[in-house]
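Geometric and topological summary
Chain residues, written in single-letter form:
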Amino acid sequence: MNVFAANWKMHLGPADARDYVTTFLRTYTPQPDRAVWFFPPAVSLQAVADALAGKEGLLAGAQDIHWEPKGAFTGAISGPLAAQAGARAVLVGHSERRHLFGETDAETGRKLDAAVAAGLHPVLCVGETLAQRERGETLAVVTRQLAAAVKSGVDVTIAYEPVWAIGTGRNATPQDAAAVHRAIRRWLEARATPIIRILYGGSVNLKNAAELLAERELDGVLVGGASLDPVAWAQLVQTRIS
Ligand code: PGA
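Read on for a plain summary of the structure. (Residues numbered from 1 in each chain as written. Predicted model: local features only at pLDDT ≥ 70, side-chain atom pairs only at ≥ 80, totals over all residues. Heavy atoms only, no water.)

With that settled, the discussion passes to the site of the ligand. Close contacts around the ligand come from 13 residues, with Lys-9, His-94, Glu-161, Gly-167 and Ser-203 the closest. Taken by itself the ligand offers 280 Å² of open surface, and the protein chains cover 95% of this. With respect to the detected pockets, the ligand is housed in the second largest pocket. Residue classes in the shell around the ligand are distributed as 4 nonpolar, 7 polar and 2 charged. (Near = heavy atom within 4 Å. Areas by Shrake-Rupley, 256 points an atom, 1.4 Å probe, with all protein chains shown as cover. 1 Å grid on protein atoms, 1.4 Å probe; cavity = no way out; pocket = protein on both sides within 12 Å on 5 of 7 lines; lining within 4 Å. Sits in = over half its atoms within 2 Å of the grid points. Nonpolar A, V, L, I, M, F, W, Y, C, P; charged D, E, K, R; others polar.)

Here it is, written out as structure tokens:
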């Protein structure tokens with residue numbers, strides 16, 4: 001089963017999101033070997049969840065949650081609030097949260113716990129910066145990020161997203177990604193994680209998706225920019241996997 005996850009970031013309000021899903025559903029032919037997960041901004045979560053309700057293999061998720069279930073945290077949403085809006089999954093520790101908003105490994109870990117407590121499937125994002133890669137620290141960074149958040153026996157999807165590949169047009173090669181995925185897989189196996197699913201993210205688009213997905217280490221992709229057009233996204237989701 002391959003997962004195609006669309007991270008809309010700060011795009012597509014409720015009305016645009018509804019139009020998007022209508023167009024996507026018209027263009028997309030459901031395929032039994034793939035699931036499509038949508039991560040709209042919080043204001044559009046309910047619109048997307050409602051539009052996808054009862055559709056096999058399609059779900060909506062939140063882009064971020066606070067670690068507390070409720071309280072005085074102006075501007076934040078919690079796991080239970082996201083779940084009430086129809087979310088079934090959540091991105092945790094996306095590099096933009098870590099690097100633009102200063103989220104620490106410890107905070108990411110608390111958010112992952114909060115996701116599980118709220119019944120949301122966590123998609124933990126990990127990845128190194130260019131400077132870290134050039135210093136040969138990729139595996140050390142990724143392992144540190146995993147260790148801070150993943151508990152034994154918890155069902156989690158990992159998204160390996162090298163920071164230097166996000167939104168830059170410069171994707172990791174399938175071989176680069178596979179080497180890191182293998183290390184992540186070994187790390188998870190040692191901790192008896194129930195289902196091991198590792199997505200790649202960072203400048204995935206219609207042109208490079210087939211080559212990346214041909215690499216067996218990839219169980220799917222997490223896509224930002226190239227997920228914003230519903231027709232192109234439906235095409236990307238239907239990429240032939242060799
Ligand atoms: P991108 O973003 O596809 O625009 O590089 C990926 C992500 O941030 O999840």
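On we go.
Before going further, it helps to examine the pairing of strand 8 (residues 220–223). On any regular strand, side chains alternate: one points to one face of the sheet, the next to the other face. Burial of strand 8 is two-sided: the residues Gly-220 and Leu-222 facing one way and the residues Val-221 and Val-223 facing the other way are all buried. Of the pairings in the sheet, the one linking strand 7 (residues 197–201) to strand 8 comprises 2 bridges and is parallel in character. Opposite Gly-201, over in strand 8, you have Leu-222 as the bridge partner. (Buried < 20%, exposed > 50% of the residue type's maximum accessible area, 1.4 Å probe, protein only. Helix = DSSP H or I, 4+ residues; strand = E, 2+ residues; numbered from the N terminus. Pairing = 2+ DSSP bridges.)

Tallied over the full model, the rule gives 13 salt bridges. A salt bridge links Glu-137 to Arg-135; the shortest N-O distance between them is 2.8 Å. Here Glu-137 falls in the partly exposed class, since its relative accessible area comes to 27%. Through salt bridges with shared partners, a single network forms among Asp-64, Arg-97, Glu-103 and Lys-111. (Salt bridge = Lys/Arg side-chain N within 4 Å of Asp/Glu carboxyl O.)

Let us now look at the layout of surface pockets. The volume enclosed by the largest pocket comes to roughly 620 Å³. Taken together, 22 residues line the largest pocket, and the ones lying closest to its centre are Gln-63, Asp-64, Gly-75, Arg-97 and Phe-101. Grouping the amino acids of the lining of the largest pocket by side-chain chemistry returns 10 nonpolar, 6 polar and 6 charged. Counted as a void, the second largest pocket has a volume near 200 Å³. In terms of lining, the second largest pocket is formed by 19 residues, of which the most central are Gly-167, Gly-202, Ser-203, Gly-224 and Gly-225. (Points joined across faces, edges and corners; volume = space filled by probe spheres on them.)

To continue, consider the sheet that holds strand 6 (residues 157–160). Around the barrel, which closes on itself, the 8 strands sit in the order 1-2-3-4-5-6-7-8 with parallel pairing between neighbours. Between one strand axis and the next, the sheet turns by 25 degrees as a mean value, whatever way the strands run. Looking at chain direction, strand 1 (residues 2–7) and strand 8 are connected through 4 bridges and run parallel. Note on strand 8: the bridge partner recorded for Ala-5 is Leu-222. (Axes fitted to C-alpha atoms, helices over the stretch in contact; angles between N-to-C directions.)

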